[in-house]
Amino acid sequence: MSRRSTFLLSALVVGYAFLYIPIALVIGFSFNESRSVAVWSGFSTKWYAALWENDALLGAVGLSLRIATVAATVAVVIGTAAAFALDRFRRLPAKPAFALLLATPLILPETITGFSLLLLFVWLEEAVGWPGGRGATTITLAHVTLGIAFATVVILARLRQLDRTLEAAAADLGATGWVTFRTVTLPLLAPAMLAAWLLAFTLSLDDLVIASFVSGPGSSTLPMVVFSSVRLGVSPQVNALATLLVVAVTVVLGLAAWLLARHERRRRQAA
Amino acid sequence: MSARPSNANAGSFFVAGLPYGWLLAFVAAPLFVIAAISLTDPAEGVPPYTALVSRGDGTWRWTGDLDNYWTLGGDWHYVAAYLGSLRVAFVATLLTLLLGYPMAYAIARARREWRVLLLTAVMLPFWTSFLIRVYAWIGILNSNGFINTALLDLGLIEEPLALLYTEFAVYIGIIYAYLPFMVMPIFAVLERLDRAPVEAAMDLGARPITAFLTVTLPLSLHGVLAGCLLVFVPAVGEFVVPELLGGSDFLMIGQLLWTESFQNRDWPLAAAIAVALLLVVAVPILVLQKLSPRATRA
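Residues numbered from 1 in each chain as written. Chains lettered and ligands numbered in written order. Predicted model: local features only at pLDDT ≥ 70, side-chain atom pairs only at ≥ 80, totals over all residues. Heavy atoms only, no water.

Per the secondary structure count, chain B includes 13 helices and two strands. Here the C-alpha radius of gyration of chain B, 25 Å, is well above what a compact globule of 298 residues would show, namely 19 Å. Each principal axis of the C-alpha atoms in chain B carries an extent, and together these give about 85 × 80 × 35 Å. Expressed as a percentage of its 298 residues, the buried residues of chain B come to 49%. In chain B, the share of contacts with a sequence separation of at least 24, taken over all contacts with a separation of at least 6, comes to 68%. Accessible area for chain B stands at about 14600 Å²; split by element, carbon and sulfur atoms hold 67% of it. The positive charge centre, built from 16 side chains, and the negative charge centre, built from 20, are 19 Å apart in chain B. (Helix = DSSP H or I, 4+ residues; strand = E, 2+ residues; numbered from the N terminus. Rg over C-alpha atoms; globule rule 2.2 N^0.38 Å. Buried < 20%, exposed > 50% of the residue type's maximum accessible area, 1.4 Å probe, protein only. Contact = heavy atoms within 4.5 Å. Areas by Shrake-Rupley, 256 points an atom, 1.4 Å probe, with all protein chains shown as cover. Lys, Arg positive; Asp, Glu negative; His and termini not counted. Charge placed at Lys NZ, Arg CZ, Asp CG, Glu CD.)

Across its full length, chain A holds 11 helices and zero strands. In terms of its C-alpha atoms, chain A occupies a principal-axis envelope of roughly 70 × 65 × 35 Å. By residue count, 51% of the 271 residues in chain A fall in the buried class. Counted over contacts in chain A with a minimum sequence separation of 6, partners at least 24 positions apart contribute 68%. Approximately 12800 Å² of chain A is accessible, and the part contributed by carbon and sulfur atoms is 67%.

Okay, the interface of chain B and chain A next. Contact with chain B, which involves 84 residues of that partner, is made by 81 residues of chain A. Between chain B and chain A, the buried area comes to about 7400 Å², and carbon and sulfur atoms account for 82% of it. On the surface where chain B and chain A come into contact, there are one salt bridge. In this structure, the connection of chain B to chain A is made through 12 residue pairs in polar contact (both at pLDDT 80 or more). Counted by class, the side of chain B that touches chain A contains 69 nonpolar, 12 polar and three charged residues. (Buried area = accessible area lost by both parts, 1.4 Å probe. Salt bridge = Lys/Arg side-chain N within 4 Å of Asp/Glu carboxyl O. Polar contact = N/O pair within 3.5 Å; in protein donor to acceptor, adjacent residues only side chain to side chain. Nonpolar A, V, L, I, M, F, W, Y, C, P; charged D, E, K, R; others polar.)

Turning our attention to helix α2 (residues 46-53) of chain A. All names here are of chain A. For α2, the set of buried residues is Trp47, Tyr48 and Leu51. Down the axis of α2, the sector holding all buried residues measures 105°, keeping them to one side. When the buried face of α2 is taken as reference, the exposed residues oriented beyond 90 degrees from it are Trp52 and Glu53. The inward-facing, buried residues of α2 abut α3 (55-88) and α11 (236-270). (Arc of directions from axis to C-beta.)

With that settled, consider the domain arrangement of chain A. Residue and element names in this part refer to chain A. By the assigned domains, chain A splits into domain 1 (20-53 + 235-271) and domain 2 (62-233). Placing the centre of domain 1 and that of domain 2 at their C-alpha centroids yields a distance of 26 Å. For the domain 1 and domain 2 pair, buried surface summed over both sides reaches about 820 Å², with 80% attributable to carbon and sulfur atoms. Inspection of the domain 1/domain 2 interface yields zero salt bridges. At the boundary of domain 1 and domain 2, one finds zero residue pairs in polar contact (both at pLDDT 80 or more). (Domains from an automatic or database assignment.)

The next subject is the pairing of strand β2 (residues 59-62) of chain B. When strand β1 (residues 53-56) of chain B meets β2 of chain B, the two strands line up antiparallel, connected through four bridges. The residue of β2 of chain B that forms the bridge with Ser54 of chain B is Arg61 of chain B. (Pairing = 2+ DSSP bridges.)

With that out of the way, let us pick up the packing of helix α10 (residues 222-231) of chain A against helix α5 (residues 130-141) of chain B. Put simply, α10 of chain A and α5 of chain B touch, their axes get as near as 11 Å, and they point 10° apart. The angle between the axes of α10 of chain A and α5 of chain B places the two elements in the roughly parallel class. Seen from α10 of chain A, the contacting residues are Pro223, Val226, Phe227 and Val230 of chain A; seen from α5 of chain B, they are Leu131, Ile132, Tyr135 and Ile138 of chain B. (Axes fitted to C-alpha atoms, helices over the stretch in contact; angles between N-to-C directions. Parallel < 35°, antiparallel > 145°, perpendicular 65-115°, else oblique.)

Another point: the environment of Leu164 of chain B. Residue and element names in this part refer to chain B. In this structure, Leu164 sits in the loop between α6 (146-153) and α7 (167-192). Note on Leu164: relative accessible area 8%, which makes it buried. Expressed as a C-alpha distance, the spacing of Leu164 and Leu141, which sit 23 residues apart in the sequence, is 5.1 Å. Those residues in contact with Leu164 that lie beyond four places of it in its chain are Ile138, Leu141, Asn142, Ala169, Leu244 and Leu245.

This next bit is on the pattern of salt bridges. Residues and elements named next belong to chain A. Under the criterion given, the structure shown has eight salt bridges over all chains. Between Arg88 and Asp87 there is a salt bridge, and its shortest N-O distance comes to 3.2 Å. Between Glu167 and Arg88 there is a salt bridge; the shortest N-O distance is 3.4 Å. With Glu167 in helix α7 (residues 164-172) and Arg88 in helix α3, the pair connects residues that are 79 residues apart, well separated along the chain. This pair shows no difference in class: Glu167 is buried, exactly as Arg88 is.

Turning to the packing of aromatic side chains, a few remarks are in order. Tallied over the entire structure, the rule returns 25 aromatic pairs over all chains. Each member of the aromatic cluster is reached from another via a ring pair, and the members are Phe115, Phe213 and Phe227 of chain A together with Phe239, Trp258 and Phe262 of chain B. In this structure, Arg109 of chain B is placed above the aromatic ring of Tyr105 of chain B, and the distance from its NZ or CZ to the ring centre is 5.2 Å. (Phe/Tyr/Trp six-rings, centres within 6.5 Å; stacked < 30°, edge-to-face > 60°. Lys NZ or Arg CZ within 6 Å of the ring centre and 35° of its normal.)

As a further point, take the side chain of Ser261 of chain B. With respect to the helices and strands, Ser261 of chain B occurs in helix α12 (residues 253-262). Apart from the residues within four sequence positions on either side, Ser261 of chain B is in contact with Phe115 and Phe213 of chain A together with Trp267 and Ala270 of chain B.

Moving on to α10 of chain A. Counting buried positions over the 10 residues of α10 of chain A gives seven, a clear majority of the element. Among the residues making up α10 of chain A, those that are buried are Leu222, Pro223, Met224, Val225, Val226, Phe227 and Val230 of chain A. The inward-facing, buried residues of α10 of chain A contact α3, α8 (177-206), α9 (209-214) and α11 of chain A together with α5 and α11 (240-245) of chain B. The first or second residue beyond α10 of chain A is Gly233 of chain A, which carries a positive phi of 125°.

Cis geometry marks the peptide bond from Trp130 of chain A to Pro131 of chain A, where omega comes out at 15°. Among the secondary structure elements, Pro131 of chain A is positioned in the loop between α5 (110-128) and α6 (136-161). Although it is not a glycine, Ala94 of chain A adopts a positive phi angle of roughly 50°. Relative to the elements of secondary structure, Ala94 of chain A occurs in the loop between α3 and α4 (95-107). A positive phi angle, close to 50°, is found at Arg265 of chain B, a residue other than glycine.

In structure tokens, the structure reads:
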């Protein structure tokens with residue numbers, strides 16, 4: 001083996017070890033008998049049982065799932081519209097400004113996004129009496145905004161690759177714009193929309209900083225509950241929760257990848 | 001579409017208007033509000049800031065001022081937080097590049113059937129909770145954590161090393177959290193790179209390292225720049241990593257913003273902190289905006 005490939009191989013080994021050993025340790029020590037997350041003292045699943053007793057945590061999981069579902073769905077609808085506007089509308093007014101606004105939540109530090117939305121909601125409340133306090137609604141609005149930015153990137157990439165002759169053929173055969181969209185464009189975009197939905201859903205489920213800024217008393221999402229317990233120190237119960245999250249994400253992603261691969265295969269066979 | 005032009009126009013208006021309206025309301029407007037409130041003074045009650053214009057004797061009077069910015073610029077506590085955040089973000093970005101570039105290069109040179117798997121493996125941690133990934137390092141770096149326990153058991157050290165609650169721990173956390181953002185854009189550029197110039201350089205007698213430094217690296221520079229900005233910008237305003245892994249000797253701007261708004265409830269000052277931070281990151285964001293169409297189309 002040449003010196004160059006030895007170097008590249010070790011870069012990969014070090015990189016992936018760095019990425020995966022911490023997660024592996026978290027998972028491993030979630031089954032530890034003692035409270036330690038560094039010294040192994042025997043196998044136990046008691047920390048998982050303790051999770052089921054934790055009502056604050058279960059309530060937060062429910063709230064987070066509700067917010068993430070609504071936010072991801074709205075974000076995909078608006079993100080699809082934004083992708084169309086960018087790709088298809090030549091005369092979209094102030095297109096660079098539109099693109100800049102879309103990219104802003106992608107890259108702006110979360111602390112700024114969260115705090116500026118908090119001030120907006122407080123100011124709106126003063127000015128027009130809406131949104132009537134902060135909680136699930138304001139968190140959802142914030143997460144839709146974050147989700148649109150990511151969803152548009154994913155959907156736009158697919159829309160640009162789309163074979164436009166298929167839509168032209170449908171139009172030639174007399175289909176109206178809406179019928180063409182529903183029967184031709186939408187099915188072709190569906191895989192990208194699913195990927196965008198999953199991304200927006202995960203981002204919402206994972207967000208601590210923005211949600212903390214725009215939430216109110218009594219509406220704590222899962223990351224907020226995890227954060228307050230992490231601040232008190234490490235505990236195998238948090239490890240157990242982390243393990244469940246990793247497993248859930250892996251299963252959902254695996255399922256999505258399988259669905260997308262099957263979709264792609266069928267499309268190839270049909271073509 | 002030509003069959004029902006009026007309907008199509010109404011549809012287009014809606015398709016463009018919905019995202020446009022949402023972005024103006026929830027991305028542009030908040031930035032204006034934050035800028036406006038940074039010019040006010042803190043007040044008791046709801047909302048906890050004074051009005052920007054007040055009405056007295058039947059006339060409107062402007063009452064905003066730059067006091068909060070003078071406070072920021074004049075207090076070493078705040079200046080140190082800005083300089084410290086910039087330094088931490090800069091060093092962390094550099095370290096992420098040093099780990100990320102060889103990884104991206106190795107993935108791009110791997111066999112085609114391996115590439116998807118290797119890339120997925122880079123992206124997978126990104127899908128798992130950010131908080132959990134940062135939390136994982138507490139258990140590793142703690143004084144009774146994994147590294148210290150192992151080193152003590154091996155007899156290599158007498159006393160636990162102070163690893164957690166240090167700047168070192170913050171670097172580790174940032175590199176760990178943002179590595180995928182460095183690897184992806186660099187990989188995207190390297191994968192499409194034309195091998196011909198590199199081979200030409202080698203044919204002309206350049207050593208591999210010379211060929212890399214004079215041909216490959218310059219050609220992949222916009223991927224490097226995109227990756228660095230994607231790491232640097234969020235890192236400057238980072239809150240979770242320094243809060244969980246960092247020491248108490250200095251606060252990063254993100255923590256300062258958090259403290260001023262939640263504990264001190266000084267929203268005008270917090271707004272000024274945010275605006276100043278925004279100005280710091282606006283330059284790289286605008287550069288990225290100029291760069292991204294080229295990076296995605298190349």
